[in-house]
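Analysis of the macromolecular model
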Amino acid sequence: MAEGFIGVMDSGVGGISVLRELVRELPHEDFRFFGDSANAPYGEKTDAQVRALTEAIVERFVSDGAKAVVIACNTATSVAAAGLRDRYDLPIVGVEPALKPACEALPGGRILVMATPVTLRLEKFQQLEQAYDQACDIAAVPCVGLASRIERGNLDAPDLHELLESLVGEYAGTVDGVVLGCTHYPFVRRQIAAVLGDVRFFDGAAGTARQTRRLLAAAGALREKGEGSVQLASSIDTPEEAALYQRFFAGEL
Ligand code: DGL
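These remarks concern the structure in this document.

For the coordinates displayed, the defined rule picks out one disulfide. With a sulfur-sulfur separation of 2.1 Å, C103 is cross-linked through a disulfide to C136. Here the residue C103 occupies a position in helix 4 (residues 99–105), and C136 occupies one in the loop between helix 6 (123–132) and strand 6 (137–142), the gap between them amounting to 33 residues. Side by side, C103 and C136 carry an identical accessibility label, which is buried.

The next subject is the packing of aromatic side chains. In the structure shown here, the tally under the stated rule is three aromatic pairs. Aromatic side chains F5 and F61 sit 6.1 Å apart centroid to centroid with 70° between the ring planes, which places their arrangement in the edge-to-face category. Placement of F5 in strand 1 (residues 5–10) and of F61 in helix 2 (residues 47–63) is noted, with a sequence separation of 56 residues between them. For the pair F5 and F61, one class covers both residues: buried. In this structure, R32 packs its charged tip against the face of F5, placed 3.8 Å from the ring centre. The ring of F34 has R60 sitting right over it, with the charged end atom 5.1 Å from the ring centre.

Another point: the sheet that holds strand 2 (residues 30–35). The five strands lie next to each other as 4-3-1-2-9, forming an open sheet whose pairing is parallel. Strands at the two margins of the open sheet, each flanked by one partner only, are strand 4 (92–93) and strand 9 (229–234). In the sheet, strand 1 pairs with strand 3 (residues 66–71) via five bridges, with the strands oriented parallel. From the neighbouring strand, V8 faces strand 3, where its bridge partner is V70. Packed on one face of the sheet, helix 3 (residues 74–87) meets strand 1, strand 3 and strand 4 and runs near 150° to strand 3.

Between its first and last C-alpha, helix 10 (residues 205–218) extends 20 Å over 14 residues, near the 20 Å set by a 1.5 Å rise per residue. Among all positions of helix 10, only A205, T208, A209, T212 and L216 are buried. Along helix 10, the residues classed as buried sweep out an arc of 100° about the axis, all on the same side. Check the buried side of helix 10 and you find it contacts strand 1, helix 1 (15–25), strand 3 and strand 4.

Rules of the game
- Residues numbered from 1 in each chain as written.
- Predicted model: local features only at pLDDT ≥ 70, side-chain atom pairs only at ≥ 80, totals over all residues.
- Heavy atoms only, no water.
- Disulfide = S-S within 2.5 Å.
- Helix = DSSP H or I, 4+ residues; strand = E, 2+ residues; numbered from the N terminus.
- Buried < 20%, exposed > 50% of the residue type's maximum accessible area, 1.4 Å probe, protein only.
- Phe/Tyr/Trp six-rings, centres within 6.5 Å; stacked < 30°, edge-to-face > 60°.
- Lys NZ or Arg CZ within 6 Å of the ring centre and 35° of its normal.
- Pairing = 2+ DSSP bridges.
- Contact = heavy atoms within 4.5 Å.
- Axes fitted to C-alpha atoms, helices over the stretch in contact; angles between N-to-C directions.
- Expected span 1.5 Å × (residues − 1).
- Arc of directions from axis to C-beta.

So far we have only geometry, and geometry alone does not tell us how the molecule works.
Next up, the structure:
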């Protein structure tokens, strides 16, 4: 059962922020990452479109012999994770905005949740927000255009700074914590801090990696020795895209 790879998917490069934590937490495992950059952004599509795209990728992982799947995308998790768990008999791990750790770390604080329009609209987030709205003061901002812009790299360019200004500039100096509720956003943590000032960031990557370890161990599928491996693939199959994925994985962006 420890045979097989762990399939990790996202709408694009964002899931690489989760993959980096997974590799740190589970160094003996084989990972295959698939980013659906040709169809990004998922967070501005209909639920039915996101569901169909996510299901097709997970189905391919399963038929290729995955022993577990990580949906490294808040949007796809909100839309499709529950149905996929009913369908397949293997660990399927998702991500959700890290509102719980943020409210626990900053009780009574002002918390900004940045995520895609789909993630914020769906019931999963609505319930999470309701559960914590007594514990802290939450503002949720649908960040239209941000994931697509991150897909293009060149993260210190002025247009990205302007986009962040237009999305969250009005909160500058007024928030204590920022929940990065889309797996693309950890790649622009520094750029967000340049707009908002001194804030604490929270994302779901490390928690997702720990949950993956727990589920693999419970299934008797954890590999505890040997050398692991990582394969990166994108639905945009060009050398330029492959190089961009490598740079995100290497932490060079
Ligand atoms: N990375 C994805 C997430 O965590 C979505 C980005 C997109 O809109 O495609 O929500």
